[in-house]
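# Overview (structure and organization)
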Amino acid sequence: MMKKTILVLGLAGFLAVPAGFAADAGAAADAVAKPPEPTLEQRVGGLEAYILNGDPSAALAALKDKDGNLPKDFRMATLGTPGPGHNGWQMASAALVLFMTLPGLALFYGGLVRRKNVLSICAQCFFITGLVTILWWFCGYSMVFGKGNSLFGLWGSLDKMFLRHVTSAPNPDYSFWVSENVYAMYQLMFAIITPALILGAIAERMKFSAVCLFVTLWMFLVYFPQGHMVWGIDGRMNGVWNPKASIHAMDFAGGTVVHMTSGWSALILCLILGKRLGFGKENMAPHNMVLCMVGTGMLWVGWYGFNAGSAVGADVIAANAFTTTTLATAVASFVWPMAEWLFRGKPSVLGFCSGAVAGLVVITPACGFVNATGAVGIGIAAGLIPWFFCFKVKSWFGYDDALDTFGVHAIGGTIGALLTGVFADASVNSNTANNLADVGNKLELANPATQNGLAQAIAHGTQWLAQLEAIGVTLVLAIVGTTIIALVVKALVGLRPSEEVETLGLDLAEHGEEGYHTA
């Protein structure tokens, strides 16, 4: 009996050993598989990154591998999560930029045309809003902000077609704290207003069907390529964020992307289209300056979303952009009518409105890169140079830029792009400062502006040369692209309505409505 008892106990012990080893191995495997928990210090570092609109993963450098990747399944509340304040400001900014088109631009342009064409402006603005939104969802966002330089670097990629994989999580290429779907909607509003600006040069004399086809083609051949080159994370002219940019240009909120492309395209289109019937012979004064003034006020208010919102976060750079936008716009709205008063004898309401818009245009590319004094200098230039083009140059050459889109947006955008390089101040935007010393003089670890030479150009006062290069590329793209598109549209559907329709007015002839009814 004793032998049997010892044998049974020995056998039980033998069988228990593998089970114990298996339990220990399982516990060890669990320990290996389970990612480390973030420490209190790392959590606080993530919150500090939120306050500074920075990278929350920077606080986790000790956990990253040689490729900069965190352990698999590692979780921290501030990683991959939109920040409420930054996200809220971006949504508000998107609404403000849409407000610039509907109703701001519609009222501004609508008040400047004759009463028989006021609804045509409203209809075109609404049409562009719907069309561009569809194109943006289909492939526009992907072509501008997708990674990859297809077609010689003119477009991004098609990876984000139909806004595929564009979710409420941030895309760290563009923001650590703003949802990518919010960012996509914010950038959509820029894509909407840009072709709408062209309407000012060809107002009262282009068929609605021609506008529809022209805008569709123009988005693909001009706006999407320019947007990608300047704002895409690997864009060839994105000097602030692409370390390999071939032209280290600066464009904070759209001097080249929005105003130069629309303004120079507007000039080419109005030249191909020809003058309005009776131009230079009939009175073509604005039919309602009150509407124009109200529209101007809406544009100014909305422009804070346009400029300060381009910081993609409610941070110190946004605050600087808000300040410089206010200063430049106010100065220009003062200088333009004062120039009128001096040379024409009276300061007009149209002068106040035009000066404000010119100030907004010229400060746009510079607002996040210049200080307050630079903004005042830009405001003076905005009040004088576009005024001279609208007052003198337009009459010298006799082109029919109906609502001064070329004089304000093309000239203003070009001057603004150049002055950005002249007045750039790295102390107001750390992304443009040389940080080589902060990373142990290792160039590969420095910020993109240091790697591509932008920071050095600002420090040496030569950034205006890179701005000239970007201006040249933008001019070629806008002028050549618009010429081709206009000729194609002219061949397919024609550009102008009949003389009878133009005389009657586009409101009744093309939309079957009138803006005003007399008793």
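Structure: above.
What comes next concerns the included structure. (Residues numbered from 1 in each chain as written. Predicted model: local features only at pLDDT ≥ 70, side-chain atom pairs only at ≥ 80, totals over all residues. Heavy atoms only, no water.)

## Quick look at the packing of aromatic side chains
Worth spelling out the cut-off: Ring geometry is summarised as follows: Phe, Tyr and Trp rings, the Trp one being its six-membered ring, pair when their centres sit within 6.5 Å, and such pairs are stacked at plane angles under 30 degrees, edge-to-face over 60 and tilted between the two. Secondary structure follows DSSP: runs of H or I at least 4 residues long count as helices, runs of E at least 2 residues long count as strands, and numbering of each begins at the N terminus. Exposure categories follow from relative accessible area, calculated using a 1.4 Å probe and restricted to protein chains: below 20% of the type maximum is buried, above 50% is exposed, and the middle band is partly exposed.
On inspection of all chains with the given rule, the structure shows 27 aromatic pairs. Both rings, one in F145 and one in Y183, keep their centres 5.3 Å apart while their planes meet at 75 degrees; by these two values the pair is edge-to-face. Within this pair, whereas F145 is found in helix α4 (residues 118–145), its partner Y183 is found in helix α6 (residues 180–198), the two being separated by 38 residues in sequence. Using a relative accessible area of 1% as the deciding quantity, one classes F145 as buried. Measuring from centroid to centroid gives 6.5 Å for F388 and F389, while their planes differ by 85 degrees, and the two rings are edge-to-face. The exposure class assigned to F388 is partly exposed, which follows from its relative accessible area of 34%. Taken together, W136, Y141, F145, Y174, Y183, F220, Y223 and F224 form an aromatic cluster joined through their ring pairs.

## Notes on the layout of surface pockets
To keep it simple, the criterion reads: Lining residues are those with an atom within 4 Å of a point, where the points come from a 1 Å grid over the protein atoms alone and group into cavities, where a 1.4 Å probe fits but cannot get out, or pockets, open sets with protein on both sides within 12 Å along at least five of seven lines. Grid points are joined across faces, edges and corners, and a volume is the space filled by probe spheres set on the points. Note on residue classes: Ala, Val, Leu, Ile, Met, Phe, Trp, Tyr, Cys and Pro are nonpolar, Asp, Glu, Lys and Arg are charged, and everything else, Gly too, is polar.
Size it by volume and the second largest pocket reaches roughly 850 Å³. Taken together, 35 residues make up the lining of the second largest pocket; nearest its centre are L350, C390, K394, A402 and D404. Elements with a minimum of two residues in the lining of the second largest pocket: α3 (84–112), α10 (316–344), α11 (349–363), α12 (372–397) and α13 (405–423). Ranked by residues supplied to the lining of the second largest pocket, first place goes to α12 with five residues. Of the residues in the lining of the second largest pocket, the class split is 18 nonpolar, nine polar and eight charged.

## Considerations on the environment of F224
Rules: Should any heavy atoms of two residues lie within 4.5 Å, those residues are considered in contact.
Inspection of the secondary structure assignment puts F224 in helix α7 (residues 208–231). Classification of F224 as buried rests on a relative accessible area of 1%. Counting along the chain gives 109 residues from F224 to S333, while the straight-line C-alpha distance between them is 32 Å. Setting aside anything within four residues of it in sequence, one finds F224 in contact with L135, W136, G140, M143, V144, L154, W155 and M219.

## Examining helix α9 (residues 289–307)
The criterion, for reference: Here, expected helix span is obtained from the residue count minus one, scaled by 1.5 Å. Fitting one axis to the seven residues ending at a residue and another to the seven starting there, the bend at that residue is the angle between the two axes.
Spanning 19 residues, α9 covers 26 Å between terminal C-alpha atoms, matching the ideal 27 Å at 1.5 Å per step. Along α9, the largest kink reaches about 25 degrees and is centred on V301. Of all the positions in α9, only C292, G295, T296, M298, L299, G302, W303, Y304, G305, F306 and N307 are classed as buried.

## Overview of the pattern of salt bridges
Rule in force here: Criterion for a salt bridge: a side-chain nitrogen of Lys or Arg within 4 Å of a carboxyl oxygen of Asp or Glu.
Counted under the stated rule, the structure contains nine salt bridges. Between E180 and K160 there is a salt bridge whose closest N-O contact spans 3.2 Å. Here the residue E180 occupies a position in helix α6, and K160 occupies one in the loop between α5 (150–153) and α6, the gap between them amounting to 20 residues. Assessed through its relative accessible area of 5%, E180 is described here as buried. K160 sits in the buried class, given a relative accessible area of 15%. Here the salt bridges do not stand alone but share partners, grouping R114, E204, R205, R276, E282 and D400 into one network.

## Quick notes on empty space enclosed by the protein
For the structure on display, the rule yields three cavities of 30 Å³ or more. In this structure, the largest cavity occupies an estimated 40 Å³ of space. In terms of lining residues, the largest cavity is bounded by P195, I198, L199, I202, M206, V211, F214, V215 and L269. Within the residue set of the lining of the largest cavity, elements represented by two or more residues are α6 and α7. Broken down by element, the residue count for the lining of the largest cavity peaks at three residues, all from α7.

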